[in-house]
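# Descriptive analysis of the structure
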Amino acid sequence: QNNALARSESRQALVSNDVASLAANFQNADVFAKLVSKEAMSAEEQLRLSFMFTLDLRNREFEYFQYVNGILDEQTWLAYRHVILINHSSGLGRKWWNQVGRGIVDPAFGKLVDELLVDAEPDNTYERMATWAND
């Protein structure tokens, strides 16, 4: 019963974290549009993207340790983990990871991200999100 309660509370925290990330991303859609267009970003836009990447990365780090501790099942973790590829498999995402992200996470989680990105093809989810109605 305690285990079920812990899973339920963890799941609620995960959903709350995702809602906060989505709200922040929505408020900064212009930065994601620039990311998709591959236009140069101003210092302010880079900061805003960095804050959003940091928020998403912290969420993934939390989820990873929930998975490692047996609170989050593997299928759910793998679904959440995919956001790492969405954010960091592109050239700009990798650049941010290498220059900023790796230094702000737990070393074990950083190693996992490095391993995940080593052979990852660039993910085009943001591009698909920005162009899905154009077909």
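Here the structure is a predicted model, which means the values were calculated and not measured.

Thresholds applied
- Residues numbered from 1 in each chain as written.
- Predicted model: local features only at pLDDT ≥ 70, side-chain atom pairs only at ≥ 80, totals over all residues.
- Heavy atoms only, no water.
- Helix = DSSP H or I, 4+ residues; strand = E, 2+ residues; numbered from the N terminus.
- Contact = heavy atoms within 4.5 Å.
- Salt bridge = Lys/Arg side-chain N within 4 Å of Asp/Glu carboxyl O.
- Buried < 20%, exposed > 50% of the residue type's maximum accessible area, 1.4 Å probe, protein only.
- pLDDT = per-residue confidence, 0-100.
- Core = buried A, V, L, I, M, F, W, Y, C linked by side-chain atoms within 4.5 Å.
- Phe/Tyr/Trp six-rings, centres within 6.5 Å; stacked < 30°, edge-to-face > 60°.
- Expected span 1.5 Å × (residues − 1).
- Polar contact = N/O pair within 3.5 Å; in protein donor to acceptor, adjacent residues only side chain to side chain.

Let's shift gears to the side chain of N59. Tracing the backbone through its elements, the reader meets N59 in helix α3 (residues 43-68). For N59, the contacting residues outside a window of four places in its chain are N17, D18 and S21.

For the rest of this paragraph, the subject is the pattern of salt bridges. Applying the stated criterion to the full structure yields 7 salt bridges. The salt bridge involving E44 is made with R48; its shortest N-O contact spans 3.8 Å. One end of the pair is E44 and the other is R48, both in helix α3 and 4 residues apart, which spans about a single turn. Using a relative accessible area of 53% as the deciding quantity, one classes E44 as exposed. Residue classification places R48 among the buried residues on the basis of a relative accessible area of 19%. Shared partners join several salt bridges into a network, and the residues in it are D30, E44 and R48.

Let us look at the confidence of the model for the protein chain. Taken as a whole, the protein chain shows an average pLDDT of 90; of its residues, 99% reach a score of 70 or greater. Confidence, expressed as mean pLDDT per element, reaches its minimum in the protein chain at helix α1 (residues 2-27) with 76 and its maximum at helix α6 (residues 107-117) with 97.

This next bit is on the nonpolar core. One finds L49, F109, L112 and V113 to be the most contacted residues of the largest nonpolar core, which totals 26 residues. Each residue touching F109, except ones within four places of it in the same chain, is listed here: L57, R60, E61, Y64, F65, W77 and I84.

What follows concerns the environment of L116. Within the secondary structure, L116 is located in helix α6. Sequence spacing of L116 and L85 is 31 residues, and the spatial spacing of their C-alpha atoms is 7.8 Å. If near-sequence neighbours (up to four positions away) are discounted, L116 is found in contact with R81, I84 and L85.

Pairs of aromatic rings are described using the distance from one ring centre to the other and the angle between the two planes. Summed over all chains, the structure comprises 6 aromatic pairs. A centroid spacing of 4.8 Å and a plane angle of 45° characterise the contact between F32 and Y126, whose relative ring orientation is tilted. Taken together, the residues span a long stretch of sequence, with F32 in helix α2 (residues 29-37) and Y126 in helix α7 (residues 125-131) at a distance of 94 residues. The burial state of F32 is the same as that of Y126; both residues are buried. With a centroid separation of 5.5 Å and 55° between ring planes, the pair formed by Y64 and W77 is classed as tilted. Residue Y64 is found in helix α3, and its partner W77 is found in helix α4 (residues 74-88); the two are separated by 13 residues along the sequence. Residues Y64 and W77 agree in their burial class; the two are buried. An aromatic cluster is built from Y64, F65, Y67, W77 and F109, whose rings are joined through pairwise contacts.

On to unusual backbone geometry. For K38, which is not glycine, the phi dihedral falls at a positive 65°. Checked against the element boundaries, K38 lands in the loop between α2 and α3.

On to α4, then. The first and last C-alpha atoms of α4 sit 21 Å apart over 15 residues, in line with the 21 Å expected at 1.5 Å per residue. Of the positions making up α4, those classed as buried are T76, W77, Y80, I84, L85, I86, N87 and H88. In this structure, the buried residues of α4 make contact with α1, α3, α5 (91-99), α6 and α7. Measuring from the side-chain oxygen of the N-cap residue of α4 to the backbone nitrogen of Q75 gives 3.2 Å; that N-cap residue is D73.

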